[in-house]
Amino acid sequence: MPVQLAASAEMLFRELPAVDRVRRLHELGFQVEIWGWSTKDLPALAATGATFSSMTGYLAGDLTTPDGVAELLRTAELSIAAAEVIDSPRLNLHGTGLDPDGLPVRPLRPDEEVAPGDRERAQETLARLALLGERHGRVFTLENLNTAVDHPGTPFARAEDTLALVSAVDSPGLRLNLDLYHAQIGEGNLIELLRRALPWVGEIQVADVPGRFEPGTGEIRYPAIAAELRTLGYEGVVGLEAWPSGDSETALERFRASFA
């Protein structure tokens, strides 16, 4: 079976209102990803008939501080209720909350390491989120990010970090959102990363490097990635989380062709 293709309603057809973006992606045969749900008319999105692949799974908080963990868990429960409106199976998480510019609300300095004990606290928090997901039939996904270009200072950002945390929790309620754009910038060696991470992958996201445009515009050989996913037997979602280099429909055609 081929992979399932999804696309971000936050980054494509941005000239349209949110509901029309979702409807257009659905008409073109893609599942739909959204980010923050609190500013959206969820019943109107559901009424489009679109299949939603993922949405952001929290409003605020972090994985390690007492107040941050409490807020993360509180807003994760609210996100579960929102996910039920649009029937989104996956709810996305980050190493800490991100502001509207994608910057971490609790950044690390360039020379700063994750504090002793924070990795264990993050794992404990993720285990609690995994149980929440299991109880409600949803999956929380922890996304890797890059700190060199888009998200400087984000803790637990590398795919190596997210894979270590998710595999340690080892729960069906917690999986990886493996973003290959971020991984290429931060680590590279994407095919080997796929081979190691696949048992814990809930979704894969893609964009090309540099520029975060659609596949075929940069240095990543996405047809080779697609071939490896077929070899590995991956039948899950691959989501385009990219800016269109030109018009959105052409970007989607190039994305589809890369994974045909």
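### Here's the deal with the overall build of the protein
Next up, step 1: Helix and strand content of the protein: 9 helices and 8 strands.
Next up, step 2: With the principal axes as the frame, the protein shows a C-alpha extent of 45 × 40 × 35 Å.
Next up, step 3: Counting every position in the protein, which comprises 260 residues, the buried fraction comes to 53%.
Next up, step 4: Sequence-distant contacts, at least 24 apart, represent 72% of the contacts inside the protein between residues at least 6 apart.
Next up, step 5: When the accessible area of the protein is evaluated, it comes to approximately 11300 Å², of which 51% is carbon and sulfur surface.
Next up, step 6: Across the protein, 23 positive and 39 negative side-chain charges occur, with their mean positions spaced 2 Å apart.

### As for the packing of aromatic side chains
Next up, step 1: A full pass over the atoms with the stated rule returns 3 aromatic pairs.
Next up, step 2: Arranged with centres 6.1 Å apart and planes meeting at 25°, the rings of Phe30 and Phe255 form a pair that is stacked. Within this pair, whereas Phe30 is found in the loop between helix H1 (18-27) and strand E2 (31-33), its partner Phe255 is found in helix H9 (residues 248-258), the two being separated by 225 residues in sequence.
Next up, step 3: Residues Tyr222 and Phe259 carry aromatic rings whose centres are separated by 6.0 Å and whose planes lie at 45° to one another, so their mutual orientation is tilted. Taken together, the positions of Tyr222 in helix H8 (residues 222-232) and Phe259 in the segment after H9 put the pair 37 residues apart, joining distant regions of the chain. Accessibility assignment for this pair places Tyr222 and Phe259 in one class, buried.

Parameters and conventions
- Residues numbered from 1 in each chain as written.
- Predicted model: local features only at pLDDT ≥ 70, side-chain atom pairs only at ≥ 80, totals over all residues.
- Heavy atoms only, no water.
- Helix = DSSP H or I, 4+ residues; strand = E, 2+ residues; numbered from the N terminus.
- Buried < 20%, exposed > 50% of the residue type's maximum accessible area, 1.4 Å probe, protein only.
- Contact = heavy atoms within 4.5 Å.
- Areas by Shrake-Rupley, 256 points an atom, 1.4 Å probe, with all protein chains shown as cover.
- Lys, Arg positive; Asp, Glu negative; His and termini not counted.
- Charge placed at Lys NZ, Arg CZ, Asp CG, Glu CD.
- Phe/Tyr/Trp six-rings, centres within 6.5 Å; stacked < 30°, edge-to-face > 60°.

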